[in-house]
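So you can see what is in the structure, the chains are spelled out below.
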Amino acid sequence: MNRTIRMALTKGRIEKGAVALLEAAGYGCAGLRDKGRRLIVPTDGGEIDVVFAKAADVITYVETGACDIGIVGKDTILENGSSFYEMADLGIGRCRMVLAAPKGSDFFSGYAARRVASKYPKIAADYFSRKQLDVGIIKIEGSVELGPVLGLTDAIVDLVETGKTLAENGLEVVETVCEVSTRLIVNIASLKLRKTEIEEIVGRLNAAKEAGA
Amino acid sequence: MKQYNKITPEGTKDRLFGECEKRGGFVRSLRALFESRGFREVSTPVLEYYDVFDTARAYFPQEGIYKLVDHDGRILVLRPDCTIPIARLIGARLKNERGPLRIFYHQKIYRHASGHSGLSGEIAQMGVEFVGGDLPICDVEIVELACRSLRSVCGSDYQLELCHIGYFNALVDSLNTDPATREQIRELVEHKNFPALDLLLERFEGCPAQKALKKLPALFGSVSVLEEARALFSNEAADRALDALADLYNALSSLGLDHLSLDLGLVNQADYYTGIIFRGYTAGAGEPVLSGGRYDELIGEFGPARPATGFGINLDLLCERAEGTAAVPPPRAAVLVDAKSPVTEAFSLVERLCSQRFAAELIPVRDTRDAPAPEGFDRVFRVVDGAVKEG
């Protein structure tokens, strides 16, 4: 007997929208909403075991096959890569990855070496290498906006939803690096070995997304 | 100063007793299978020149390769793949062998295992290469051998998936696009990234291949996907690929092989493979445990071109995941000896026990007359002065 399909779900920013989408797809979510301190919670009908995890861990669990499916932001996928199927854009958690600098400064002018703070060093490095710019990237774990404010860096690469935090810290968007939304990823072997079950889940989530859009 | 003298490098590990014995069992049964079909073993060095992995067809992304520099400043690598060095060996060392060559190997490959991902950096592989045959029956032989290999280690808990790169190539060829876009499409198909693929293909509105490419990642599962694919797109090259795939599938079924499926979106390493591509899966392993295919242009990078096909099995994944049928270990016999035990007595007893299929071990003690019997042995003998006593 196969074990129940396991879905790794990113805690935090994405969680609420993802649970709502699961509910709209017909999976009972009372348990998921009231999970308390439990880390693995089945949907009410027992169709899926939902594993709550940090974003980067969702990738790890799906890549290694510890979980069959994952719900995770495109930002995390770009930052961590690599071998899984990225089967659907769930259309939730939309925001932008941007390059932002202090208001009025011209980031691209001059020949001085620039420094950029980011929680996403790989995305930032890929972006500047596409632009053929030589930029020093400093990884910051917390509020990246502090980089320019403290004079540590010239700019930041970070996620922006409303732009309020940027404005309050005297920063403005220079350019969009990429659009971000929540994706459904699937383990390579799981899709092949459990095609019908996984295709049903993907299909129901896609249909729920279409209905909600 | 930080000391690293008690641990192994990231991505590597020590393997103790049971793990080695289980792997040994797998290796023995695979070796017997390969040898019974006329495959002969080769080995290539762990170190190769970087250039071997940097030709057009044998291209290997350099980020994943461990590199060293030799005393003349040349770049060496720890072999990241087994097939490319074997293609080098065939192109350079066996270029005058005209008949078909059946080769197998059992060696390790090395890849950078990035930041504590739990992925292995040292992977034991066992595989075969069949050089000099391009008839459809040669593909049947290799895929059948792949099925048998999986069956011999995983029982019936496996699935073998077939593809032919020709269908994908026919689709993208008909778009008449630049190599960069082509590679982007390939990558999105490989990752079954439907939304991004739809977006990228928007500009090819009106191309007959557009609809088929959009559906390509979903064309996997039972043999019916071949008809679906044919209905979506048909030209000479695409039909040829689909026919070859259908013939292979039917041939394998006629040999009584099941656990077969298809995935027309299996387009990994598209520069390397030129025909049939296949992969094997088993429950519990998140990655394919077997992968292979036809690579008719690779050997030409190193010598006279020769058609070839083969596959490799990831032994580490198998050992971790497959139940395995490890051989029953022989019963253990202890032979207690002390400083006064004559060498001839002790060794003739050991030899006698070995001939009775015991694993016999000499156990050194202070005095054989009153030493306690050691734990974990089926029989215990003592060499007391010149005589042998049991118990």
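Each chain has its residues counted from 1, running along the sequence as written. Here the convention is simple: chains get letters from A, ligands get numbers from 1, in the order in which they are written. A pLDDT threshold of at least 70 governs which residues receive local features in this predicted model, and a stricter bar of 80 or more applies before side-chain atom pairs are shown or counted, although totals over entire chains, interfaces and linings include all residues.

Named according to an unreviewed UniProt entry, chain B is ATP phosphoribosyltransferase regulatory subunit originating from Yanshouia hominis. UniProt positions are given in the numbering used here, feature names are shortened, and annotations may be inferred rather than shown by experiment. Check the Function (unreviewed entry) section of the UniProt entry for chain B; it says "Required for the first step of histidine biosynthesis. May allow the feedback regulation of ATP phosphoribosyltransferase activity by histidine."

Looking at an unreviewed UniProt entry, one finds chain A named ATP phosphoribosyltransferase, with Yanshouia hominis as its source organism. Chain A has a UniProt comment under Pathway (unreviewed entry) that states "Amino-acid biosynthesis; L-histidine biosynthesis; L-histidine from 5-phospho-alpha-D-ribose 1-diphosphate: step 1/9." The record in UniProt for chain A states the following under Subcellular location (unreviewed entry): "Cytoplasm".

Q: Quick one: what's the story with the overall build of chain B, residue by residue and with numbers?
A: The secondary structure listing takes helices from DSSP runs of H or I that are at least 4 residues long and strands from runs of E that are at least 2 residues long, numbered from the N terminus. Within chain B, the regular secondary structure consists of eleven helices and 16 strands. Each radius of gyration reported is based on C-alpha atoms, and the globular scaling rule is 2.2 Å times the count of residues to the power 0.38. Relative to the compact-globule value of 21 Å for 391 residues, chain B shows a C-alpha radius of gyration of 27 Å, a clear excess of over 25%. Over its C-alpha atoms, taken along the principal directions, chain B stretches across nearly 95 × 55 × 45 Å. Neighbour counting defines burial: a residue surrounded by 20 or more other C-beta atoms within 10 Å of its own C-beta is buried, one with 12 or fewer is exposed, and intermediate counts give partly exposed, using backbone-placed C-beta atoms. The 391 residues of chain B split such that 39% are buried. We call two residues in contact when their backbone-placed C-beta atoms lie within 7 Å. A sequence separation of at least 24 residues applies to 71% of the contacts in chain B between residues at least 6 apart.

Q: Pulling in residues and values, what's your account of the overall build of chain A?
A: A count of helices and strands for chain A gives nine helices and eleven strands. Viewed in the frame of its principal axes, chain A has a C-alpha envelope of about 65 × 30 × 30 Å. Contacts in chain A between residues at least 24 apart in sequence constitute 65% of all its contacts with a sequence separation of at least 6.

Q: Let's hear about the interface of chain B and chain A: which residues, and what values?
A: Listed as interface residues are 17 residues of chain B and, on the opposing side, 15 residues of chain A. Only β7 (159–164) and α6 (194–201) of chain B provide two or more residues apiece to the side of chain B that touches chain A. Each residue gets one of three labels, nonpolar for Ala, Val, Leu, Ile, Met, Phe, Trp, Tyr, Cys and Pro, charged for Asp, Glu, Lys and Arg, and polar for the others, Gly among them. Residue classes in the side of chain B that touches chain A are distributed as six nonpolar, eight polar and three charged.

Q: Got a sec to walk through the domain arrangement of chain B? Specific residues and values, please.
A: Each assigned domain of chain B is listed with its residue range as follows: domain 1 (17–321) and domain 2 (332–390). Delimitation of the domains relies on an automatic or database domain assignment. With centres defined by C-alpha atoms, the gap from domain 1 of chain B to domain 2 of chain B works out at 53 Å.

Q: Which residues make up the sheet that holds strand β5 (residues 85–89) of chain A, and what are the values?
A: Residue and element names in this part refer to chain A. Each pair of strands is called paired provided DSSP finds at least two bridges between the two strands. Sheet architecture is open: six strands sit in the order β2-β3-β1-β4-β11-β5, paired in mixed fashion. This sheet does not close on itself; its edge strands, each paired only once, are β2 (40–42) and β5. Taken pair by pair, the neighbouring strands of this sheet meet at an average axis angle of 25°, ignoring direction. As paired strands, β2 and strand β3 (residues 48–53) are joined by three bridges and run antiparallel to one another. From the neighbouring strand, Pro42 faces β3, where its bridge partner is Asp49. Contacts from helix α1 (residues 15–24) reach β1 (5–10), β4 (69–73) and β11 (182–186), with the element oriented near 145° to β1. Between N-to-C directions, angles span 0 to 180 degrees; the directions come from axes that are lines fitted to C-alpha atoms, helices contributing only their stretch in contact.

Q: Would you mind going over the confidence of the model for chain B in detail, with residue names and values included?
A: Taken as a whole, chain B shows an average pLDDT of 90; of its residues, 97% reach a score of 70 or greater. Model confidence for the complex is summarised by a pTM of 0.85, with the ipTM given as 0.77. Within a predicted model, pLDDT stands for the predictor's per-residue confidence, ranging from 0 to 100.

Q: Quick rundown of the UniProt feature "domain: Aminoacyl-transfer RNA synthetases class-II family profile" (unreviewed entry) in chain B? Include the residues and the values.
A: On the UniProt side, "domain: Aminoacyl-transfer RNA synthetases class-II family profile" (unreviewed entry) is annotated at positions that read residues 28–111 of chain B here. Taken end to end, residues 28–111 of chain B has its terminal C-alpha atoms 25 Å apart, with 23% of it in helix and 26% in strand.

Q: Pulling in residues and values, what's your account of the domain arrangement of chain A?
A: All names here are of chain A. Taken as a whole, chain A is organised into domain 1 (5–93 + 181–212) and domain 2 (95–179). If you average the C-alpha positions of domain 1 and of domain 2, the two centres end up 30 Å apart. If you look at the interface, domain 1 gives five residues, while domain 2 gives seven residues. Looking at side-chain class alone, the side of domain 1 that touches domain 2 contains one nonpolar, two polar and two charged residues.

Q: Account for helix α9 (residues 236–254) of chain B, with residues named and values stated.
A: Residue and element names in this part refer to chain B. With 19 residues, α9 ought to run about 27 Å at 1.5 Å a step, and its terminal C-alpha atoms sit 26 Å apart, in line with that. What α9 keeps buried is the set Ala238, Ala241, Leu242, Leu245, Leu248 and Leu252. Each buried residue of α9 lies within a common arc of 125° when the element is viewed along its axis, so the set occupies one face. Structural note: α9 exposes Glu236, Asn250 and Ser254 on the side pointing more than 90 degrees away from its buried face. Given the number of residues in a helix, its expected span is that number minus one, multiplied by 1.5 Å. As used here, the arc is the angular range of directions from the helix axis to the C-beta atoms.

Q: Explain the UniProt feature "domain: ATP phosphoribosyltransferase catalytic" (unreviewed entry) in chain A to me, using residue names and the numbers behind them.
A: Taken from the UniProt record, the annotation "domain: ATP phosphoribosyltransferase catalytic" (unreviewed entry) applies to residues 54–206 of chain A. The span residues 54–206 of chain A is 35% helical and 32% strand by assignment, and the distance between its end C-alpha atoms comes to 23 Å.

Q: Would you mind going over the environment of A:Glu197 in detail, with residue names and values included?
A: Residues and elements named next belong to chain A. Inspection of the secondary structure assignment puts Glu197 in helix α9 (residues 195–212). Note on Glu197: 18 C-beta atoms within 10 Å, which makes it partly exposed. Separated by 102 residues in the primary sequence, Glu197 and Cys95 place their C-alpha atoms 31 Å from one another.

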